[in-house]
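As a plain string of letters, each chain reads:
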Amino acid sequence: MAEQSLKKQLKVLTIPVFIEMALVMLLRAVDTVMLSRYSDNSVAAVGLDNQWSIAVGLSYVIGIPLGYGLVGMWIGFALDENIRGIILMRRWRSGKWRNKGFVK
């Protein structure tokens, strides 16, 4: 009986977190697509590809098979932010963006 009560409490706690993560990812996707209109498409590709492959993939692997639950999902989400930041920092330093979009 106590185990079912605990599962019910966990569902009550996790459902809002999943909804929040889905909403944040949706808004980031919209933001990335909007930014790609004013820059080059590689920024959008890095954003969307990482967001759905690394964030979702690592969140699943760390959260469910490795057993870290929500903490593992947030670790995967944070790793996505860091990996994407490193990729975009390298792009910024390369200067290739200077010839794209409205920046001339």
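Everything numeric in this text was worked out from a predicted model, so none of it was measured.

The rules behind each value
- Residues numbered from 1 in each chain as written.
- Predicted model: local features only at pLDDT ≥ 70, side-chain atom pairs only at ≥ 80, totals over all residues.
- Heavy atoms only, no water.
- Helix = DSSP H or I, 4+ residues; strand = E, 2+ residues; numbered from the N terminus.
- Buried < 20%, exposed > 50% of the residue type's maximum accessible area, 1.4 Å probe, protein only.
- Polar contact = N/O pair within 3.5 Å; in protein donor to acceptor, adjacent residues only side chain to side chain.
- Core = buried A, V, L, I, M, F, W, Y, C linked by side-chain atoms within 4.5 Å.
- Contact = heavy atoms within 4.5 Å.
- pLDDT = per-residue confidence, 0-100.
- Expected span 1.5 Å × (residues − 1).
- Phe/Tyr/Trp six-rings, centres within 6.5 Å; stacked < 30°, edge-to-face > 60°.
- Salt bridge = Lys/Arg side-chain N within 4 Å of Asp/Glu carboxyl O.

1. A short note on the overall build of the chain
Scanning the chain from N- to C-terminus turns up three helices and zero strands. Going from N to C terminus, the chain has its helices and strands arranged as α-α-α. Here the chain holds 104 residues, and 25% of them are scored as buried.

2. Here's the deal with the side chain of Arg 84
Its location among the elements puts Arg 84 in helix α3 (residues 69-94). For Arg 84, the side chain forms a polar contact with the side chain of Asp 80, separated by 2.6 Å. Within the structure, the side chain of Arg 84 is placed 3.4 Å from the side chain of Glu 81, a separation counted as a polar contact.

3. A few points about the nonpolar core
Formed by Val 17, Met 21, Met 25, Ala 55 and Phe 77, the largest nonpolar core amounts to five residues. In terms of residues, this core owes the most to one element, helix α1 (residues 2-36), which gives three residues. In contact with Met 21, not counting residues within four places along its chain, are Met 73, Trp 74 and Phe 77.

4. Quick word on the confidence of the model for the chain
Confidence along the chain averages 76 in pLDDT terms, with 77% of residues attaining 70 or more. Mean pLDDT per element in the chain: α1 is the minimum at 72, and α3 is the maximum at 85.

5. Some thoughts on α3
With 26 residues, α3 ought to run about 38 Å at 1.5 Å a step, and its terminal C-alpha atoms sit 38 Å apart, in line with that. Considered for burial, the residues of α3 that qualify are Gly 72, Met 73, Gly 76, Phe 77, Asp 80, Arg 84 and Arg 91. Gly 95, located one to two residues past α3, shows a positive phi value of around 80 degrees.

6. Here's the deal with the packing of aromatic side chains
Per the stated rule, a full pass over the model turns up one aromatic pair. Here Trp 74 and Phe 77 contribute two aromatic rings whose centre-to-centre distance is 5.4 Å and whose plane-to-plane angle is 85 degrees, an arrangement assigned as edge-to-face. Of this pair, Trp 74 and Phe 77 both sit in helix α3, three residues apart, roughly one helical turn. Look at Phe 77 and you get buried, because its relative accessible area is 11%.

7. Quick notes on the side chain of Ser 59
Note that Ser 59 resides in helix α2 (residues 41-63). Here Ser 59 falls in the buried class, since its relative accessible area comes to 5%. Among the polar contacts made by the side chain of Ser 59, one reaches the main-chain carbonyl oxygen of Ala 55 at a distance of 2.6 Å. Excluding its chain neighbours within four sequence positions, the residues that come into contact with Ser 59 are Ile 54, Ile 64, Gly 72, Met 73, Gly 76 and Phe 77.

8. Some remarks on the pattern of salt bridges
Per the stated rule, a full pass over the model turns up two salt bridges. Among the salt bridges present, the one from Asp 80 reaches Arg 84, with a minimum N-O distance of 2.6 Å. Linking Asp 80 with Arg 84, this pair stays in helix α3, spanning four residues, or about one helical turn. With respect to burial, Asp 80 and Arg 84 carry one shared label: buried. In this structure, Glu 81 and Arg 84 form a salt bridge, with 3.4 Å as the shortest nitrogen-oxygen distance. Of this pair, Glu 81 and Arg 84 both sit in helix α3, three residues apart, which is roughly one turn of that helix.

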